[in-house]
There are 2 protein chains.
Amino acid sequence: MIKRRKTITVNAGPVKIGSSSPIVVQSMTKVPTVDIARCVRQVNKLARAGCRLVRIAVPTCADTAAFAKIVQKVSVPLIADVHFSPSRAIEAIEAGAAKIRLNPGNIKDPKSIHRIIDAAKIHKTAIRIGVNEASIRNLKSRDIPAQKRTAFVLKEMKKYVALFERRSFTQLVLSAKSSDCLRTIEINRRIAKLFGYPIHLGLTHAGLPEDAQIPSAVTLGTLLAEGIGDTIRVSAAANPLVETQIAKQVLIALGLYEPAEPRLEMIVCPTCARAQIDITRLARRVKKNLPDINKPLRIAVMGCIVNGPGEAADADLALCAAKNKAYVYRKGRRIAIVPETKIVPELLKQLKNL
Amino acid sequence: MIKRRKTITVNAGPVKIGSSSPIVVQSMTKVPTVDIARCVRQVNKLARAGCRLVRIAVPTCADTAAFAKIVQKVSVPLIADVHFSPSRAIEAIEAGAAKIRLNPGNIKDPKSIHRIIDAAKIHKTAIRIGVNEASIRNLKSRDIPAQKRTAFVLKEMKKYVALFERRSFTQLVLSAKSSDCLRTIEINRRIAKLFGYPIHLGLTHAGLPEDAQIPSAVTLGTLLAEGIGDTIRVSAAANPLVETQIAKQVLIALGLYEPAEPRLEMIVCPTCARAQIDITRLARRVKKNLPDINKPLRIAVMGCIVNGPGEAADADLALCAAKNKAYVYRKGRRIAIVPETKIVPELLKQLKNL
């Protein structure tokens with residue numbers, strides 16, 4: 001239902017990024033890159049959790065050396081995150097990075113950028129131009145108004161893109177991040193209008209997961225609903241599996257994620273004074289007792305007759321609570337009335353029958 | 001920065017809903033309405049947490065009788081949630097509801113609706129026309145495609161609005177909810193175009209909080225970023241304080257919430273292989289040790305020099321970690337280098353100095 005913005009297609013190894021390709025979830029490793037075994041384990045965990053690309057920081061040449069070994073041992077294409085050093089970029093490209101992330105503002109010499117571009121061409125490596133508001137020297141004052149910040153980031157982005165285009169390099173993904181939701185939304189809307197390259201979305205420095213998830217969902221959700229965004233990374237000061245989980249939830253909400261395995265969906269009414277059974281507790285018990293079913297089933301736990309029968313009609317199995325009992329529905333048809341204590345066993349029994 | 005959609009202003013008692021008024025957070029009580037003392041406690045807790053309106057279900061006449069007493073004892077205007085019974089609506093209006101929520105589809109007789117409208121006029125009570133997809137009889141089949149569902153909900157809404165307008169009643173708030181994010185976004189965009197009334201936003205039956213918050217943030221965030229939405233309620237199978245917290249986080253992310261008390265904001269880098277200190281743990285310790293400061297301060301906890309100094313410049317206090325130590329910044333100026341064990345005490349000391 002969402003009309004994606006048209007872009008060119010960028011190849012990060014076998015992973016395609018851009019308009020007609022599914023939105024790519026990515027995250028970043030958070031263990032020392034030189035600890036190869038740990039790093040490989042984290043990459044593979046992220047791949048199993050749904051990341052189709054994983055990024056690894058390579059600040060030293062020991063890191064790029066480790067990166068070269070990690071590339072060989074993992075199940076997904078890797079992105080090397082490079083700052084300051086052109087040598088790290090070239091080492092990562094030669095080590096087999098499917099994509100590198102560069103902030104050209106951190107690399108002073110244009111000639112070094114040319115060397116990186118030439119290496120990327122030879123090795124068919126994609127490049128993300130990643131501008132972070134906080135890394136722009138001229139914006140390092142809190143007194144600069146939002147409009148001016150956005151204009152400045154955009155000006156930097158134009159300059160960098162021109163640098164790559166002049167050398168006929170177009171395997172580019174663009175990103176502009178800020179820790180401010182509105183500025184991130186605004187700058188990405190403008191980048192989407194100005195350029196034909198895929199966009200990497202993220203809200204940066206968003207905080208601990210409980211603080212980061214709502215702002216990230218709002219920012220990424222708003223842009224994705226407008227068709228903007230081709231690969232996403234949720235930032236949270238947490239295990240990267242948590243980031244991946246949030247990113248997937250955002251995509252699923254917007255119908256933009258095709259899970260590898262079909263998933264069970266649970267609808268629960270928020271309850272109100274009408275509910276005569278503790279619905280939250282009941283929903284928790286149902287959730288806890290659900291076997292690992294990889295079927296696209298929809299289960300509804302409802303508190304009363306206002307919306308209960310309606311959601312039941314749209315569900316494979318539904319409970320509609322009343323006083324000390326619940327009505328059980330299968331595909332909209334009422335099939336049983338059970339006392340409160342028997343609700344969960346009855347649901348599990350019916351689940352087996354489906 | 002968000003340009004709100006223009007609407008008429010609806011008065012729910014002293015609370016104004018509509019284009020030029022701040023977006024109103026609301027939630028719903030989840031204790032028996034007849035348990036007056038508990039209900040009053042929950043309403044007042046919600047008011048302190050930021051709800052400017054609280055809704056209470058009144059399914060029986062014992063509930064409307066309790067509602068009449070609750071209205072007198074609480075610090076915010078109340079909304080009565082009415083289904084099926086016109087008598088409950090009129091009783092709630094006479095009891096002093098600032099607003100009632102009706103699903104006209106649940107009240108068969110148009111004459112009953114006229115009686116409700118006349119009572120609302122006399123008592124200056126606002127009315128929300130709340131259509132839930134799950135409550136529409138004709139949509140109680142999972143096989144109906146999204147487009148047809150949206151068209152049908154819209155048709156129902158038009159019919160109901162006409163019913164009120166024919167009787168010259170315009171103190172209306174409109175809502176159309178679904179448990180599907182995309183359908184909720186689409187239907188509200190269309191309602192926003194068709195009508196000049198304020199819109200109540202919500203994603204219904206969204207589930208347990210961990211399942212509900214991301215889809216709610218995506219759906220409400222997307223609409224609010226487009227300027228749509230004048231009052232919001234997050235639905236979650238949880239304590240309504242949790243709902244309120246999520247709703248506030250969504251508004252804060254978009255710069256749409258003016259907290260009664262200024263709040264401390266914490267920026268934390270997501271960390272990567274570059275970080276030489278466990279930033280997540282450090283951020284947790286900082287957060288836990290922060291005294292209750294009601295100042296609009298911004299604190300940054302950063303893992304390395306890539307974005308550290310940039311975020312530090314924009315923060316009142318910042319930590320930028322290095323190997324076994326951290327650089328401490330005050331308003332962008334580096335003021336100390338402290339060993340890892342002294343980071344939190346130093347931060348608290350500096351916080352006092354601010």
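Residues numbered from 1 in each chain as written. Chains lettered and ligands numbered in written order. Predicted model: local features only at pLDDT ≥ 70, side-chain atom pairs only at ≥ 80, totals over all residues. Heavy atoms only, no water.

Participant: Lay out the nonpolar core in plain terms, naming residues and giving numbers.
Facilitator: Most often, soluble globular proteins keep nonpolar side chains buried together rather than apart. Among the nonpolar cores identified, the biggest contains 168 residues, and A:I100, A:F164, A:L224, B:I100, B:F164 and B:L224 are the most heavily contacted of them. Non-local contacts of A:I100, meaning those with residues more than four positions away in its chain, are made with A:I79, A:A80, A:A89, A:A92, A:I93, A:I116, A:T125, A:A126, A:I127 and A:R128. With 37 residues, the next largest nonpolar core counts B:M266, B:C269, B:A318 and B:L347 among its residues. (Core = buried A, V, L, I, M, F, W, Y, C linked by side-chain atoms within 4.5 Å. Buried < 20%, exposed > 50% of the residue type's maximum accessible area, 1.4 Å probe, protein only. Contact = heavy atoms within 4.5 Å.)

Participant: Lay out the pairing of strand β14 (residues 325–330) of chain B with the relevant residues and their values.
Facilitator: Residue and element names in this part refer to chain B. Two strands pair when backbone bridges link them, and strand β13 (residues 317–322) and β14 are joined in this way by 6 bridges, in the antiparallel orientation. When the sheet's bridge partners are listed, C320 is paired in β14 with Y327. If you look at the hairpin formed by β13 and β14, you'll find 2 residues sitting between the two strands, and N324 has a positive phi there, around 60°. Sheet topology note: the β14/strand β15 (residues 333–339) ladder contains 6 bridges and is antiparallel. Each residue of the ladder has a partner; that of Y329, found in β15, is R334. The turn linking β14 back onto β15 is made up of 2 residues, and K331 within it adopts a positive phi angle of 50°. (Pairing = 2+ DSSP bridges. Helix = DSSP H or I, 4+ residues; strand = E, 2+ residues; numbered from the N terminus.)

Participant: Lay out the sheet that holds strand β12 (residues 298–302) of chain B in plain terms, naming residues and giving numbers.
Facilitator: All names here are of chain B. Ordered in space as β11-β12-β13-β14-β15, the 5 strands form an open sheet in which the pairing is mixed. For this open sheet the edge positions go to β11 (265–268) and β15, each flanked by a neighbour on one side alone. On average, each strand axis in the sheet is inclined to that of its neighbour by 15°, with strand direction left out of account. (Axes fitted to C-alpha atoms, helices over the stretch in contact; angles between N-to-C directions.)

Participant: I'd love a proper account of the relation of the copies chain A and chain B, names of residues and values included.
Facilitator: Rotating chain A by 180° about the axis while translating it 0.0 Å along that axis superimposes it on chain B, leaving an RMSD of 0.0 Å. Taken together, the rotation and translation describe the operation of a two-fold axis. Scanning chain A for the C-alpha nearest the rotation axis identifies A:T222, at a separation of 2.1 Å. Both copies share a contact surface, since 99% of the interface residues of chain A are interface residues in chain B too. (Least-squares fit on C-alpha atoms with pLDDT ≥ 70 in both.)

Participant: I'd love a proper account of helix α1 (residues 36–49) of chain A, names of residues and values included.
Facilitator: Given a rise of 1.5 Å per residue, 14 residues ought to cover 20 Å, and the 20 Å separating the end C-alpha atoms of α1(A) matches this to within 8%. Structurally, α1(A) contributes buried residues whose contacts are with β3 (24–28), β4 (53–57), α2 (61–73), β5 (78–82) and α8 (240–253) of chain A. (Expected span 1.5 Å × (residues − 1).)

Participant: If you had to explain the environment of A:V301 to someone new, which residues and values would you point to?
Facilitator: All names here are of chain A. Relative to the helices and strands, V301 is located in strand β12 (residues 298–302). Each C-alpha atom, one on V301 and one on M266, is 7.6 Å from the other, the two residues being 35 residues apart in sequence. Excluding residues that lie within four positions of it along the chain, V301 makes contacts with I267, V268, C269, I279, L282, A283, V286 and L319.

Participant: Give me the interface of chain A and chain B: which residues, what numbers.
Facilitator: Counting residues at the interface gives 81 residues for chain A, matched by 80 residues for chain B. For the pair chain A and chain B, the two sides together bury roughly 6400 Å², of which 60% comes from carbon and sulfur. Between B:D314 and A:R149 there is a salt bridge, with its nearest N and O atoms 3.7 Å apart. Across the contact surface, chain A and chain B share 28 residue pairs in polar contact (both at pLDDT 80 or more). Of all elements in the fold, only α6 (181–194), α7 (209–225), α8, β11 (265–268), α9 (279–289), β12 and α10 (308–313) of chain A reach the threshold of two or more residues within the side of chain A that touches chain B. Considering each element in turn, the side of chain A that touches chain B owes the most residues, 11 residues, to α7(A). In the side of chain A that touches chain B, the residues fall into 41 nonpolar, 20 polar and 20 charged. (Buried area = accessible area lost by both parts, 1.4 Å probe. Salt bridge = Lys/Arg side-chain N within 4 Å of Asp/Glu carboxyl O. Polar contact = N/O pair within 3.5 Å; in protein donor to acceptor, adjacent residues only side chain to side chain. Nonpolar A, V, L, I, M, F, W, Y, C, P; charged D, E, K, R; others polar.)

Participant: So what's going on with the packing of α7(A) against helix α7 (residues 209–225) of chain B? Which residues, and what values?
Facilitator: Contact geometry for α7(A) and α7(B): axes closest at 7 Å, N-to-C directions at 55°. Viewed along their axes, α7(A) and α7(B) adopt a mutual orientation that is oblique. Of the two possible hands of crossing, α7(A) and α7(B) adopt the one that is right-handed. Residues A:Q213, A:I214, A:A217, A:V218, A:G221, A:T222 and A:A225 of α7(A) form the contact with α7(B), whose participating residues are B:Q213, B:I214, B:A217, B:V218, B:G221, B:T222 and B:A225. (Parallel < 35°, antiparallel > 145°, perpendicular 65-115°, else oblique. Left-handed = near helix turned anticlockwise from the far one by under 90°.)

Participant: Would you mind going over the pattern of salt bridges in detail, with residue names and values included?
Facilitator: Pairing is possible between side chains that carry opposite charge, provided their charged atoms lie close to one another. Taken as a whole and assessed by the stated rule, the structure comprises 48 salt bridges over all chains. A salt bridge links B:K331 to B:D316, with the shortest nitrogen-to-oxygen separation between them at 3.0 Å. Linking B:K331 in the loop between β14 and β15 with B:D316 in the loop between α10 (308–313) and β13, this pair joins segments that are 15 residues apart in sequence. For B:D316, a relative accessible area of 4% corresponds to the buried category. Three or more residues are tied together by salt bridges with common partners; here these are A:E133, A:R149, A:D180, A:R183, B:E265, B:R298, B:E311 and B:D314.

Participant: An account of the environment of B:N188 is needed here, citing residue identities and associated values.
Facilitator: Residues and elements named next belong to chain B. Secondary-structure assignment places N188 in helix α6 (residues 181–194). Taking the C-alpha atoms as reference points, N188 and A238, 50 residues apart in sequence, are found 25 Å from one another. Filtering out sequence-adjacent residues up to four positions away, N188 remains in contact with A176, I199, L201, L223 and I228. Within the structure, N188 has its side chain in polar contact with the backbone oxygen of T184 (distance 2.8 Å).

Participant: For the sheet that holds strand β15 (residues 333–339) of chain A, give the residues involved together with the corresponding values.
Facilitator: All names here are of chain A. Taken in spatial order, the 5 strands line up as β11-β12-β13-β14-β15 in an open sheet, and their pairing is mixed. Two strands close off the open sheet at either side, each with one partner strand: β11 and β15. On average, adjacent strands in this sheet sit at an angle of 15° to one another, irrespective of strand direction.

Such coordinate-based values are descriptive only and should not be taken to indicate function.
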